[in-house]
Amino acid sequence: KSNSALKRAKNLLEDQTLESAALQYYVFFPTHCSKVGFALEHMVGASRLADWLKYTKDVVVIDVGCGAGAGSVAFLNCLLNLYESGGLQSPVTVHFVGIDPNESALAVYSRQLNGLKSGLEKFGIHLARVRLVEEEGLQAVTAVREYLVT
C-alpha cells in the first residue's frame, strides 16, 4: 500500500493542476526557500547586495521554474534582513518575472507575491509588478525579453 501511495504522490507532483501546485508548495517551498536564502546571504553576500542597491533602486528578479515562488520570497526576505540590519538605506522597487510551465503554480506564485505587497511597503520595499510567463524554452526567453524592453 505504501508503494501505491508513493506512486500516487509522485504522479500528483508531476500534474499541472491546482492540487499539484498546492502539494508542491507544502512539500518543496520551505526547503527551496531556505536554500535560496542561504545562497543569497552567504554566497552572494548581504553586504554585496547592499552595495549594489546603493546604485539602483529598481530590481528585476527573474525566477525561472518559480513554482510557488520560493526563490522570490527568499529574495524579499533577504531585503527585509538588510532593512533590519540598516543595510537597506533607501526604498527599492522590485519587479518579479515568474517563469513556470505550470499555470496552476503561477497562480500560487502570483497570489503569494501580491499578498505580500502591502506588508512590505512599510519597510521601503515596493513590489511594482508581478509578470507571469507560462511558456517554456525560447518562447519564455522571448516573453521575458519583451517585458524587459517595454
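These numbers were taken from a predicted model, which means no experiment stands behind them.

Within the open sheet, the 3 strands sit side by side as 1-2-3. Their pairing is parallel. Of all the strands in the sheet, the pair left with one neighbour each is strand 1 (58-64) and strand 3 (125-133). Each adjacent strand pair in this sheet contributes to an overall mean axis angle of 20°, direction not counted. Of the strand pairs in this sheet, strand 1 and strand 2 (residues 92-99) are connected by 7 bridges, and their pairing is parallel. Across the sheet, the residue bridging to I62 is V97, located in strand 2. In this fold helix 5 (residues 137-149) packs onto strand 1, strand 2 and strand 3, with an angle of close to 145° to the strand it touches most, strand 3.

Two elements in contact, helix 2 (residues 18-53) and helix 3 (residues 70-85), have axes separated by 8 Å at closest approach and are oriented at 45°. As judged from the angle between their axes, helix 2 and helix 3 are oblique. When the axes of helix 2 and helix 3 are compared, the crossing they make is right-handed. Where helix 2 approaches helix 3, its residues F29, H32, C33, V36, G37, L40, E41, A46, L49, A50 and L53 are matched on the opposing element by A70, G71, V73, A74, F75, C78, L79, N81 and L82. Residues that form the contact of helix 2 with helix 3 fall into these classes: 15 nonpolar, 4 polar and 1 charged.

Let's shift gears to helix 5. Taking 1.5 Å as the rise per residue, helix 5 with 13 residues should run 18 Å; its terminal C-alpha atoms sit 19 Å apart, in good agreement. Residues A140, A143, V144 and Y147 constitute the buried set of helix 5. Burial along helix 5 is one-sided: seen end-on, the buried residues are contained in an arc of 95°. In this structure, helix 5 carries L138, V141, R145 and V149 as exposed residues pointing more than 90 degrees from its buried face. Looking at the packing, one finds that the buried side of helix 5 touches strand 1, strand 2 and strand 3.

Here is what the cut-offs are and how they apply
- Residues numbered from 1 in each chain as written.
- Predicted model: local features only at pLDDT ≥ 70, side-chain atom pairs only at ≥ 80, totals over all residues.
- Heavy atoms only, no water.
- Pairing = 2+ DSSP bridges.
- Helix = DSSP H or I, 4+ residues; strand = E, 2+ residues; numbered from the N terminus.
- Axes fitted to C-alpha atoms, helices over the stretch in contact; angles between N-to-C directions.
- Contact = heavy atoms within 4.5 Å.
- Parallel < 35°, antiparallel > 145°, perpendicular 65-115°, else oblique.
- Left-handed = near helix turned anticlockwise from the far one by under 90°.
- Nonpolar A, V, L, I, M, F, W, Y, C, P; charged D, E, K, R; others polar.
- Expected span 1.5 Å × (residues − 1).
- Buried < 20%, exposed > 50% of the residue type's maximum accessible area, 1.4 Å probe, protein only.
- Arc of directions from axis to C-beta.

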